[in-house]
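# Summary of structural features
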Amino acid sequence: MYTNAMKYKTKSELIANEVDRFNPNLVVDIGYAQEPNSFLCKMGREVVGVDILSKPSPYSKTFVCDLNKDGLPFEAGSVDVVTMGCTLAHVGHPLRLLADINRVLKPNGTLILSSPNPHYYWEVVMNVFFSFFSKRVSPLKLEEHFYDFSRYNIRSCALVTGFEVEKEVGVTFQLVKTPIKFNPLRLPGLAYEIIYVLKKTGEPRGFGKARTEKGVEAFDTNLF
């Protein structure tokens, strides 16, 4: 029998639990419209939402912003924590977005994002037998899900945009067609979705590595 500590928790609750560790004054929730996170509003902190469309939420303020072409509507170094649930895979320029999040975060600020695990057992099954499952995949996933980030990819993206992965949390494991469902918190590789806690460590260093005449590595930050 499950105890309260073992009770299944939603992604929103797990993200809020990570936010609580940092006791921030201002939290910006990117991509909130699909599922505003009511857990973030506890303890009297200010929560601001950003999305491509507007939706009622418990947040103090919301902004309409197309992250495919617009920058975040915040001053540099003004935000304590940014949360972003399963949004990175849906924007055209994920590295550009991460670099802009770095810009608005305070020094040592924190980004808490979630992303589907492309190596989740059922995702692997659907890819191996794609011709069989292709007509069962949600049209929204085919039309709007552009990228799959492995645990290695997230670290590569973090490195070039001025972050370091501090922690991972496994969100959900469920056996298909059964009620068996739990949070593999400490085994994120088993989870359908993974929460990544990224600490801002400096400025974006760019990508597109090149060699100078002296053999020193250089990075083109203009590519963001």
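Summary of the structure given here. Being a predicted model, the structure only gives us computed values, none of them experimental.

## Things to note about the nonpolar core
Formed by 31 residues in total, the largest nonpolar core has its most connected members in Val82, Ile101 and Leu111. Secondary-structure elements contributing two or more residues to this core are β1 (26–30), β2 (46–51), β4 (79–85), α2 (94–104), β5 (105–116), α6 (151–160), β6 (163–170) and β9 (193–200). Looking at this core element by element, the count peaks at four residues for α2. Not counting chain neighbours up to four residues away, the residues in contact with Leu111 comprise Val82, Leu98, Ile101, Leu105, Phe163, Tyr196, Val197 and Leu198. Ranked by size, the runner-up nonpolar core spans 16 residues in total, among them Ile15, Val27, Leu40 and Val47.

## Some thoughts on the sheet that holds strand β3 (residues 61–64)
Overall, mixed pairing links the seven strands, which are arranged β3-β2-β1-β4-β5-β9-β6 in an open sheet. Unpaired on one side and paired on the other, β3 and β6 mark the two borders of the sheet. Sheet twist, expressed as the average angle between the axes of neighbouring strands with direction ignored, equals 20°. Bridge analysis of β5 against β9 gives seven bridges, and the strand direction is antiparallel. Bridge pairing links Leu113 to Tyr196 in β9. Strands β1, β4, β5, β6 and β9 of the sheet are contacted by helix α1 (residues 11–20), whose axis makes an angle of about 20° with β9. Taken strand by strand, α2 contacts β1, β4, β5, β6 and β9, and its axis lies near 145° from that of β5.

About the criteria used
- Residues numbered from 1 in each chain as written.
- Predicted model: local features only at pLDDT ≥ 70, side-chain atom pairs only at ≥ 80, totals over all residues.
- Heavy atoms only, no water.
- Core = buried A, V, L, I, M, F, W, Y, C linked by side-chain atoms within 4.5 Å.
- Buried < 20%, exposed > 50% of the residue type's maximum accessible area, 1.4 Å probe, protein only.
- Helix = DSSP H or I, 4+ residues; strand = E, 2+ residues; numbered from the N terminus.
- Contact = heavy atoms within 4.5 Å.
- Pairing = 2+ DSSP bridges.
- Axes fitted to C-alpha atoms, helices over the stretch in contact; angles between N-to-C directions.

By themselves, these figures tell us nothing about what the structure is for.
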